[in-house]
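So you can see what is in the structure, the chains are spelled out below.
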Amino acid sequence: MSLTARAERGAVQLGTLEVGGGPAVVIGGAGADARWISLRERRVRAAEAVAAIRAEWAGPVLVEPSSVADLPRIAAGAEGVVVGEAWTRDPRLVGEAARPGLPVIVRRGPAETLEEWLAVADLCAAGGNDRVVLCEGGQGSPGRPAVLDLPLLRAARERSGRPVLAWPGGDPALAAAAVAAGADGLLLDPDSTPEAVAAARDAATIVGAVTRREEPGTVLAARAAVDRVDAALAVLLERRAELAGTIQRLKPVGGFAGRDMDRERRLVAEMARRAPALGEERLAPIMNAVIEAGLRLAEERRATRRD
Ligand SMILES: C=C(O[C@@H]1C=C(C(=O)O)C=C[C@H]1O)C(=O)O
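Presented here is a report on the structure given in the accompanying data block. (Residues numbered from 1 in each chain as written. Predicted model: local features only at pLDDT ≥ 70, side-chain atom pairs only at ≥ 80, totals over all residues. Heavy atoms only, no water.)

1. Side note on the overall build of the protein
Within the protein one finds eleven helices and twelve strands. In terms of principal-axis extent, the alpha carbons of the protein reach across some 75 × 40 × 35 Å. Counting all 307 residues of the protein, 41% fall into the buried class. Considering only intrachain contacts with a sequence separation of at least 6, the fraction spanning at least 24 residues in the protein is 58%. Of the roughly 16,400 Å² of accessible surface on the protein, 55% is carried by carbon and sulfur atoms. Computed over 41 positive and 42 negative side-chain charges, the inter-centroid distance for the protein is 3 Å. (Helix = DSSP H or I, 4+ residues; strand = E, 2+ residues; numbered from the N terminus. Buried < 20%, exposed > 50% of the residue type's maximum accessible area, 1.4 Å probe, protein only. Contact = heavy atoms within 4.5 Å. Areas by Shrake-Rupley, 256 points an atom, 1.4 Å probe, with all protein chains shown as cover. Lys, Arg positive; Asp, Glu negative; His and termini not counted. Charge placed at Lys NZ, Arg CZ, Asp CG, Glu CD.)

2. So, the pattern of salt bridges
This structure, assessed with the given rule, holds 18 salt bridges. A salt bridge links R162 to D130; the nearest nitrogen and oxygen atoms lie 3.0 Å apart. Within this pair, whereas R162 is found in the loop between α6 (150–160) and β11 (164–166), its partner D130 is found in the loop between α5 (114–126) and β8 (132–136), the two being separated by 32 residues in sequence. Since its relative accessible area comes to 10%, R162 is described here as buried. With its nearest N and O atoms 3.0 Å apart, the salt bridge here joins R228 to E214. Separated by 14 residues along the polypeptide, R228 in helix α9 (residues 219–250) and E214 in the loop between α8 (194–211) and α9 bring together distant segments of the chain. Accessibility expressed as a relative area gives 19% for R228, which makes it buried. Looking at E214, the relative accessible area reads 23%, which means it is partly exposed. (Salt bridge = Lys/Arg side-chain N within 4 Å of Asp/Glu carboxyl O.)

Written out as structure tokens, the structure reads:
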């Protein structure tokens, strides 16, 4: 599959948040598209935990239960259930988690094979609940921060047709790599800081703008998709201006005086291969504006440095 191809898959709705159909989503702490909490290793009751998060967040909430007893409370107050390794080892528990009809996020345990992982998802579906999202990656050992198998993530996505999230730890570079590999979203630590959430979202936005082909159905969704592409364009335009500025300093004659129209025509022709709908005719004035902005910046900088 090419880098920018769009794979067909079933999207899963987590409350108001669609996973798998549009942009890569971010699930985690404050500032994310959805929040989640784990009741494992916490001495807090499901109802209290859900109420606490509800007090500050009106969007989708997912909960990892500590036992089957938590499920009715979760079903009453949350938009999804998260099950991890402890659950996926026990088919009966998985069946119970899927029964209330809430979407289920199935996290792969580090020792679990692709077949075992997908079998857990199928178990949910067999119980009548096909709203299953997979999640690859998890906490490593102390010397090994995150364990994220990207080929396995891709295989799971292609084989199951289900959305697949990735757990990138706190590393935005891994978040970017996961989205580039096809992850439909990121599951961050529930206690992630707003800064960590923003960094992961930024990485997902920039990479996703190139790798995720979207087909939005409303003006609002299409504008949001355009905003993501513009975010990536801004990063590239800034980088391009810096590089073009370097060339002005290195050339014997820089700035507008050293303009090379033949080089400009050739780069437009090369770009038209990747942008055939726009073609050379439409790209030429765009690139002329981009190039002139870069030259103006270079000349302004040169004037203030007086070199
Ligand atoms: C950067 C250069 O200087 C100018 C700016 C260009 C650009 O921004 O791409 C291209 C050709 C030149 O007119 C260059 O010569 O490569």
